[in-house]
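What follows is each chain in one-letter form.
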Amino acid sequence: TGSCRNYPIYYAECKEGNYQNYMLCCDSLSKDVKAEAKINIEINKSKLKIVKVDKDTKKAIAGVKFSVKYKDGQDIGTYTTDENGIISIDNLHQGQVVVKEVESANGYELMTEEKIIDIDYDESKELLLENELKKGQIKVIKVDAENNEIRIEGAKFEIYDESGNIIETIVTDKNGEAKVKGLPVNKKYTIKEVETAKDYILSNDEITIELKENEIKNITFKNKKKQVAKQTLPRTGLPNYNLFWLAISIGCVVFKRFL
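So, how was this worked out
Residues numbered from 1 in each chain as written. Predicted model: local features only at pLDDT ≥ 70, side-chain atom pairs only at ≥ 80, totals over all residues. Heavy atoms only, no water. Helix = DSSP H or I, 4+ residues; strand = E, 2+ residues; numbered from the N terminus. Buried < 20%, exposed > 50% of the residue type's maximum accessible area, 1.4 Å probe, protein only. Contact = heavy atoms within 4.5 Å. Pairing = 2+ DSSP bridges. Axes fitted to C-alpha atoms, helices over the stretch in contact; angles between N-to-C directions. Salt bridge = Lys/Arg side-chain N within 4 Å of Asp/Glu carboxyl O. Lys, Arg positive; Asp, Glu negative; His and termini not counted. Polar contact = N/O pair within 3.5 Å; in protein donor to acceptor, adjacent residues only side chain to side chain. pLDDT = per-residue confidence, 0-100. Core = buried A, V, L, I, M, F, W, Y, C linked by side-chain atoms within 4.5 Å.

Undergrad: Teacher, can you tell me more about the overall build of the protein chain here?
TA: Across its full length, the protein chain carries one helix and 18 strands. For the protein chain, with 259 residues in total, the buried portion stands at 28%. The long-range fraction of contacts in the protein chain, counting pairs at least 24 apart against all pairs at least 6 apart in sequence, stands at 59%.

Undergrad: Teacher, can you tell me more about the sheet that holds strand E7 (residues 75-80) here?
TA: Whether parallel or antiparallel, the strands of a sheet pair through hydrogen bonds between backbone atoms. Pairing is antiparallel across the open sheet formed by four strands, whose spatial order is E7-E6-E9-E10. The open sheet has two edge strands, E7 and strand E10 (115-119), and neither has a second partner. Direction aside, neighbouring strands of the sheet carry axes that sit 25 degrees apart on average.

Undergrad: What should I look at first to understand the side chain of Glu193 in this one?
TA: Relative to the helices and strands, Glu193 is located in strand E16 (residues 187-195). Accessibility expressed as a relative area gives 1% for Glu193, which makes it buried.

Undergrad: Help me understand the sheet that holds strand E18 (residues 216-223) in this model?
TA: Reading across the sheet, the three strands line up as E15-E12-E18 and stay open at both edges, with mixed pairing between neighbours. Sheet topology places strand E15 (177-184) and E18 at the edges, where each strand pairs with a single neighbour. Looking at each pair of strands side by side, their axes are set apart by 20 degrees on average, direction ignored.

Undergrad: Looking at this structure, I do not really get the pattern of salt bridges. What am I missing?
TA: Close approach of charged atoms lets side chains of opposite charge pair. Evaluation of the coordinates by the stated rule reveals 12 salt bridges. The salt bridge partner of Lys142 is Glu193, with a shortest N-O separation of 2.3 Å. In this pair, Lys142 sits in strand E12 (residues 135-144) while Glu193 sits in strand E16, placing the two residues 51 residues apart along the sequence. Residues Lys142 and Glu193 agree in their burial class; the two are buried. Linking Lys212 and Glu210 is a salt bridge whose minimum nitrogen-to-oxygen distance equals 3.5 Å. In this structure Glu210 comes out as partly exposed when scored by relative accessible area, which is 33%.

Undergrad: Before we go on, may I ask you to explain the side chain of Asp144 in this structure?
TA: Tracing the sequence through the fold places Asp144 in strand E12. Although buried, Asp144 forms no salt bridge, and the nearest oppositely charged side chain, Lys225, lies 5.0 Å from it. Polar contacts involving the side chain of Asp144 include one to the main-chain amide nitrogen of Glu146, which spans 2.7 Å. When near neighbours in sequence (up to four residues on either side) are disregarded, Asp144 contacts Ile150, Ile152, Tyr200, Asn223 and Lys225.

Undergrad: Help me understand the confidence of the model for the protein chain in this model?
TA: Predicted coordinates in regions of low pLDDT should not be interpreted in detail. For the protein chain, per-residue confidence averages 85 on the pLDDT scale, and residues scoring 70 or more make up 86% of the total. Predicted confidence in the protein chain is weakest over helix H1 (residues 241-258), with a mean pLDDT of 55, and strongest over strand E6 (residues 65-70), with 97.

Undergrad: I keep staring at the environment of Asn21 and nothing clicks. Help me out?
TA: One can find Asn21 in the loop between strand E2 (9-12) and strand E3 (22-25). On the basis of relative accessibility, which here comes to 45%, the residue Asn21 falls in the partly exposed class. As a C-alpha pair, Asn21 and Tyr11 span 10 residues in sequence and 8.2 Å in three-dimensional space. Filtering out sequence-adjacent residues up to four positions away, Asn21 remains in contact with Ala12, Glu13 and Cys14.

Undergrad: Before we go on, may I ask you to explain unusual backbone geometry in this structure?
TA: A negative phi angle characterises most non-glycine residues, just as the trans form characterises most peptide bonds. The phi torsion at Asp122 lies on the positive side, around 55 degrees, for a residue other than glycine. If you trace the backbone, Asp122 turns up in the loop between E10 and strand E11 (124-131). You can call Asp122 partly exposed: its relative accessible area is 45%.

Undergrad: Teacher, can you tell me more about the nonpolar core here?
TA: The nonpolar side chains of a soluble globular protein tend to be buried with one another. Core analysis: the biggest nonpolar cluster contains 21 residues, and Leu48, Ile50, Phe66, Val97 and Val99 have the highest contact counts within it. Residues within four places of Val99 in sequence aside, it is in contact with Leu48, Ile50, Phe66, Ser67, Val68, Glu114, Lys115, Ile117 and Leu127. Formed by 15 residues, the second largest nonpolar core is a distinct cluster that contains Phe157, Ala178, Tyr189 and Leu211.

Put into structure tokens, the structure is as follows:
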């Protein structure tokens, strides 16, 4: 409803022969003009795909739950990633959509940061999100096999992952300890000694452990000392009886010749 400018013109004809025909103009502004149009538009034509992967391996993560809403608070729904780490949401209208992770997969850190996506009319958007595995720690302790109170410094160890790749090399300190932090949990690791202190025998043990969430795994390696060979020293301060009897024998032979 509004005002509309228009130009109506009315023509008149005079019946009297002595008068001129004439024209009349009305007010050019018409008020309270009303018009109506009905247009059917499908507004919910936008789409959103959420993809969840491991930060390190880029493998899909299933079972991650998200809350999805419009920024004005209107709820869209709660969704969980499938075996391919994907959530597909259709029938969205344009605007800002807020995505929040509410439940992570087993062994992964929960992502607390909300993500806001601007979606236009009839647009498809993809949101890629990465999760890190929770971390654990391994501590290697190196001791003397005979006396566990003696800690051994300078022993070198290699840490291997499940595929046999070396992921860390550590050396024991003056307390006979070496640590490696920030290892993803729910995975197996193998620890092997590759170099030891000079007075000790290298250990042949390979220890495999599975690291759990928020765990510090203590592993103790025991080393035997090298055996020192005993040396036999010559006897001193005692008479040499072999030389004594040899001298007597020579003396008897010489004496006999002179007789």
